[in-house]
Amino acid sequence: MRDLLTGVAILLLLALTAALIGPHIVDWNSRRDLIAQQVSQALGGPVSIEGPIRLELLPTPTLKLGHVRIAGDGVVTGTVGRFRAKLSVPPLMRGNIRMTEVILHGADLTISPKARPGSPTEDPGLLSSSAIDQLVIRNSRLRLISANGSSHVDLTGVEGQFEAQSLEGPFRGGAAFDIDGKRLALRLSTGKIADGAIRLKAQIENDAAATRIDYDGSLQLAANSIVADGVLAASGNASLTLGERVEHMIWRWSSHVASGNGLVALDKIEIALGNADRQAVLTGIGDIDWKRERAANIILSGRQIDLDRLLAGEDRKALVTPESLLRAALGSMAGKVALPLAGTLDVSLGSLMVGGEAILGPRLLIDASASGAMLRQASGEMPGRTVLNLD
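Residues numbered from 1 in each chain as written. Predicted model: local features only at pLDDT ≥ 70, side-chain atom pairs only at ≥ 80, totals over all residues. Heavy atoms only, no water.

### A closer look at the overall build of the chain
A count of helices and strands for the chain gives 6 helices and 20 strands. Sorting the 391 residues of the chain into buried and exposed places 34% on the buried side. For the chain, restricting intrachain contacts to residue pairs at least 6 apart in sequence, the fraction spanning at least 24 positions comes to 42%. Total accessible area on the chain is roughly 22,400 Å²; 58% of this is exposed by carbon and sulfur atoms. (Helix = DSSP H or I, 4+ residues; strand = E, 2+ residues; numbered from the N terminus. Buried < 20%, exposed > 50% of the residue type's maximum accessible area, 1.4 Å probe, protein only. Contact = heavy atoms within 4.5 Å. Areas by Shrake-Rupley, 256 points an atom, 1.4 Å probe, with all protein chains shown as cover.)

### A look at the pattern of salt bridges
Two side chains with opposite charge may pair up if their charged atoms get near one another. On inspection of all chains with the given rule, the structure shows 14 salt bridges. Across the salt bridge formed by Asp214 and Arg212, the nearest N and O atoms sit 2.8 Å from each other. The partner of Arg376 in a salt bridge is Asp367, with the nearest N and O atoms 2.8 Å apart. Among the residues examined, Arg376 registers a relative accessible area of 38% and is labelled partly exposed. Through salt bridges with shared partners, a single ionic network connects Asp108, Arg141, Arg143 and Asp154. (Salt bridge = Lys/Arg side-chain N within 4 Å of Asp/Glu carboxyl O.)

### Section: the nonpolar core
A general tendency of soluble globular proteins is for nonpolar side chains to be buried together. Of all hydrophobic cores here, the largest spans 33 residues; its most connected members are Ile49, Leu63, Leu65, Val80, Phe83 and Phe177. Per-element accounting of this core gives the leading share, 5 residues, to strand β5 (residues 99-111). Counting residues in hydrophobic clusters, the runner-up holds 21 residues, among them Val257, Ile269, Ile288 and Ile305. (Core = buried A, V, L, I, M, F, W, Y, C linked by side-chain atoms within 4.5 Å.)

### Concerning the pairing of strand β18 (residues 357-369)
Here strand β17 (residues 343-354) runs beside β18; their pairing, made up of 10 bridges, is antiparallel. From the neighbouring strand, Gly343 faces β18, where its bridge partner is Ala368. The antiparallel hairpin formed by β17 and β18 contains 2 residues in its connecting segment, where Gly355 sits at a positive phi of about 60°. With 8 bridges joining them, β18 and strand β19 (residues 372-382) adopt antiparallel strand pairing. Considered in β19, the bridge of Leu365 is made with Gln377. (Pairing = 2+ DSSP bridges.)

### Considerations on the side chain of Asp346
By the secondary structure assignment, Asp346 is in strand β17. The buried category is assigned to Asp346, whose relative accessible area is 13%. When sequence neighbours within four positions are dropped, the list of residues in contact with Asp346 reads Ile298, Ile299, Leu300, Arg363, Leu364 and Leu365.

### Some points on the environment of Ala210
Tracing the sequence through the fold places Ala210 in the loop between β10 (197-206) and β11 (211-222). Take Ala210: its relative accessible area is 36%, and that puts it in the partly exposed class. For the pair formed by Ala210 and Asn237, sequence separation is 27 residues and the distance between their alpha carbons is 6.2 Å. Residues within four places of Ala210 in sequence aside, it is in contact with Ser235, Gly236 and Asn237.

Functional significance is not addressed by these values, which are geometric in nature.
What follows is the structure, given as structure tokens:
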């Protein structure tokens, strides 16, 4: 019995020694093409390995690659400074690679929804057979290309972690990144990709500006366009300077969104400004046609809005006069605020309470552009039955 135990101990010692020393004896660089082929199958895109290759078996089988390049015409292309993958043991013993965790450090990737014919991303069998349980991104940069390839957005300082059962989902996780000098946080969860579409719940927050954007619906990358059908919402805090005081208010915007072929239909728009006990609410519809010079066309309406109550402050004593409100509105529209989208905004109300007086049937027609906003038309019945028409 003692001899048997001694033999088992020797075998275990030899196995551990082989696990520790073996990977350093084998010339993995001579197997570069084979490893690149396996990683390509796991990532769903053609991969070339330009840096050193290391394989560690203890304590967890880990593949370490230097300077990995993802080429081809797929959705994702670019380079990864350092690539590290933890491998599942049973598939490895069968000659397959299953990555339980992938860490991309110093990646510089371009993501484009326009995959050309013949790209690996069009092979659903390849996607479904690949599996990465967890993807970690560190100190990386992502460039997101628009569906028609005419514009892009750069995300820098990307730090994130995502979990997936396969490369076709479902996915969930979160990331933080910088865009135009602002630090944003993203959280998302999805279903599986089916017929090119995916169910998505996403949330983007800007803590510094106290703003948040939510989307809950489907998303599909079609030829030269993104097809979406869901609810898009945004909320945050607004600060209005009224004389010597500053009024802080909560704002909220939500709409059903349906997009495709360069068109975006906005239905069930609801905009709320102010706290729950003194709130102004507008509802409406709209559309965005990227082929038009003024792409956006939004029509909003409301019943009665009491600006005295909305802007009176906590003491409920201050009143807003029509003259000061008009000066503030015209001043804010005098090209001082750059807007991201050109279009027309048509706002009409049943009545507007200002300075203790009611303006009946007010309507504002506003033109917006990248250089600012301009009041094109204003009308309404002022106190004393005075009719106001400004063109």
